[in-house]
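A closer look at the structure
Below are the chains, spelled out letter by letter.
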Amino acid sequence: MLDIALVLTILVLAMICFVTEKLPADFVAVMIIGALLVLGLAPPDVAVSGFSNPATVTVACMFVLSAGLDRTGAIRVLGQRLISLGRNRSILLVLIMVTVGTVSAFINNTAAVAVFLPVVLGVARARRVAVSRLLIPLSYASQFGGICTLIGTSTNILVSGIAEREGVGAFRMFEMAPVGMFLFVAGAVFLVTIGQWFLPNYAGPELLDTYQLRDYLSELVVKEGSPLVDKSATDFNLSDRHDVTVLEILRDNRKIWFPLYEPLKVGDILLVRGKINRLLELQSKAGLEPEAEFRLSRADLQGSNRRLVEALVAPGSELIGHTLTDLQFRRRYNTVVLGVQRQGHLLGDKLAEIRFELGDALLLLGKPEDLKRMQASGDVVMLGEVEGQPARGRQAWVALSIVAAVVGFAASGLLPIMTSAILGCIAMILSRCLDMGDAYESLDWRVLFLLAGVLPLGSALQDTGAAKYIADLGLKLVGPFGAVGVLAGVYVMTAMLTECMSNNASAAVMAPIAISIAAAQGIDPKPLLMAVTFAASSSFATPVGYQTNLMVYNAGGYRFRDFMRVGIPLNILFAALAIWLIPLFWPL
């Protein structure tokens, strides 16, 4: 009984950490491993078995395969051609959902959204359609597609791995497809019809207003006797001491961009970014005076040699968890960050000290070639007009063929999914669709460490009897309603956990509990595991429940309640349909 109490304590503490987000989810997962080892709840080989689990290895391989499709431009070009056929909003919406949903069935859905987000924004501008009418459907459609195949999401692979470990048997490649496709069609019809009443219609504001740049940017003139004369901005340590960034020097009708080490002269006009109180303080200390005729416009920032664009922090980005100072961002990319938004709110604190999170929106100012280089790094998804990498012709078809072969071998049963995926990665490297550097960069270590930590927690829940203990408590509530009531209870509980914590974490917790409930009820565990899978892979009600929701949050100018207005009815629809359909295909 002590072991059960200890495992449940770890579970509760981990859930609190996941929900509050005080610590990164991947670090919480490592803490789980440490706790299991220290408390003797799992032998060392079991505690670290998540790193070698077939589910973790397969998910890692899917990141590489997705990167191969992305880097060769195969998916982007296909998507652009299909989506551009939309001549009115309804047809455009259907094309977006069908295209993104189909792609998301076979590659990581966060990667799919990252590829299609700039495409949809460009088409929306061309068709003069509010992006807020399209981006929530884009995110949701990626989730619709993800529940149609085994490799659609990491959650599917995770639950399949737990099912195989517990003797239930792994999921087949297209085993989820009948129910998944029904839900896909139902969700798409909802968004095209009833959902239109709930989707907001926000006009995209000017970037200068969105990021309140008129309150932060100013021009200051270097006066006679200023201590800045013959010194550079770096020498005077303007950024660290005064939280002021010099973007440009105007000298004798000549503009000097990024003047980190340029000595200043009397009469120089400095374009600077900083809070008003910091700028006033700098004026008095550094012998500067404001340029009386300064009126900021986008033209002041843009020119033939630089662009003002918005970008999102991408999944797996090196920016996540780091600050501009940590990354030496300005020197690294020759680009400056003028503002940061998170979940619809402008972060007005010192930019250099903000630790970036997935989906943060950055306002960037830089030269076109530097912005292209930054986009190619995969650290950000550019939302503005920055030309992407061209499709690589033959290699694009090779990458598509490799992924098709991976799916085909796994679906036919000729090879296990892990073996097929590993061979696909080898083929991507040998065919030069990717190099080893690209492959390493494509891995989202946060997801992989999360899986590696929650898998042994699931094992501990099962081995100590904690899962059975929770199952017995749950059956007292839903048992009187029969097998369908138990199925509904498992689905609803998983869905609720997914809305407030990681979908993989909720699936890893609920899958062992579902197996224990099935054993106690004397029913087949497969239907309950399917309920866990569908519920954990479909999170619509909040922007924080799923990575793709976070990615479109800022880009669409959404508010938290927008996801609730559209997502809660959709969650109810999916729950009702899943609870009806699952017993038809996997009898209880």
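Every value quoted in this text rests on a predicted model; they were computed, and no experiment measured them. (Residues numbered from 1 in each chain as written. Predicted model: local features only at pLDDT ≥ 70, side-chain atom pairs only at ≥ 80, totals over all residues. Heavy atoms only, no water.)

Comments concerning the pattern of salt bridges
If the charged atoms of two oppositely charged side chains come close together, the side chains can form a pair. Throughout the structure, instances matching the rule amount to 9 salt bridges. Notably, a salt bridge pairs Asp 360 with Arg 342, separated by 2.8 Å at the nearest N-O pair. Pair noted here: Asp 360 is in the loop between strand E8 (345-346) and strand E9 (361-366) and Arg 342 is in strand E7 (residues 335-342), with a separation of 18 residues, a long-range link. We classify Asp 360 as buried; its relative accessible area is 1%. Exposure remark for Arg 342: the relative accessible area of 18% places this residue in the buried category. Overlapping salt bridges, with partners in common, bring together Arg 342, Glu 357 and Asp 360 in one network. (Salt bridge = Lys/Arg side-chain N within 4 Å of Asp/Glu carboxyl O. Helix = DSSP H or I, 4+ residues; strand = E, 2+ residues; numbered from the N terminus. Buried < 20%, exposed > 50% of the residue type's maximum accessible area, 1.4 Å probe, protein only.)

Here's the deal with empty space enclosed by the protein
Throughout the structure, instances matching the rule amount to 1 cavity of 30 Å³ or more. Estimated volume of the largest cavity: approximately 60 Å³. Around the largest cavity, the lining residues are Val 59, Met 62, Phe 63, Asn 108, Ile 151, Gly 152, Thr 153, Ser 154 and Ile 157. Among the elements of the structure, helix H4 (54-71) and helix H9 (154-165) are those that each provide at least two residues to the lining of the largest cavity. (1 Å grid on protein atoms, 1.4 Å probe; cavity = no way out; pocket = protein on both sides within 12 Å on 5 of 7 lines; lining within 4 Å. Points joined across faces, edges and corners; volume = space filled by probe spheres on them.)

Things to note about the packing of helix H1 (residues 2-20) against helix H2 (residues 25-38)
Look at H1 against H2: their axes get within 10 Å of each other, and the N-to-C directions meet at 165°. Here H1 is positioned roughly antiparallel relative to H2, judged by the angle of their axes. Pair H1 / H2 crosses with right-handed handedness. Where H1 approaches H2, its residues Ile 10, Ala 14, Cys 17 and Phe 18 are matched on the opposing element by Ala 25, Val 28, Ile 32, Ala 35 and Leu 36. When the residues that make up the contact of H1 with H2 are grouped by side-chain class, the tally is 9 nonpolar, no polar and no charged. (Axes fitted to C-alpha atoms, helices over the stretch in contact; angles between N-to-C directions. Parallel < 35°, antiparallel > 145°, perpendicular 65-115°, else oblique. Left-handed = near helix turned anticlockwise from the far one by under 90°. Contact = heavy atoms within 4.5 Å. Nonpolar A, V, L, I, M, F, W, Y, C, P; charged D, E, K, R; others polar.)

A closer look at the side chain of Ser 442
Note that Ser 442 resides in helix H21 (residues 436-442). Residue classification places Ser 442 among the buried residues on the basis of a relative accessible area of 15%. There is a polar contact of 2.6 Å between the side chain of Ser 442 and the backbone oxygen of Ala 439. Look past the residues within four positions of Ser 442 in its chain and what remains in contact with it is Phe 63, Val 64 and Ala 67. (Polar contact = N/O pair within 3.5 Å; in protein donor to acceptor, adjacent residues only side chain to side chain.)

Some words on the environment of Gly 479
The residue Gly 479 is located in the loop between helix H23 (466-478) and helix H24 (482-500) in this model. A C-alpha to C-alpha distance of 8.2 Å links Gly 479 and Gln 521, two positions 42 residues apart in sequence. Non-local contacts of Gly 479, meaning those with residues more than four positions away in its chain, are made with Gly 474 and Val 486.

Side note on the environment of Ala 575
By secondary structure assignment, the location of Ala 575 is in helix H28 (residues 560-585). Measuring from C-alpha to C-alpha, the distance between Ala 575 and Ala 495 comes to 8.7 Å, with 80 residues separating the pair along the chain.

Describing the environment of Ala 130
For Ala 130, the position within the fold is in the loop between helix H7 (109-127) and helix H8 (135-146). Beyond its immediate sequence surroundings of up to four residues, Ala 130 is in contact with Asn 201 and Tyr 202.

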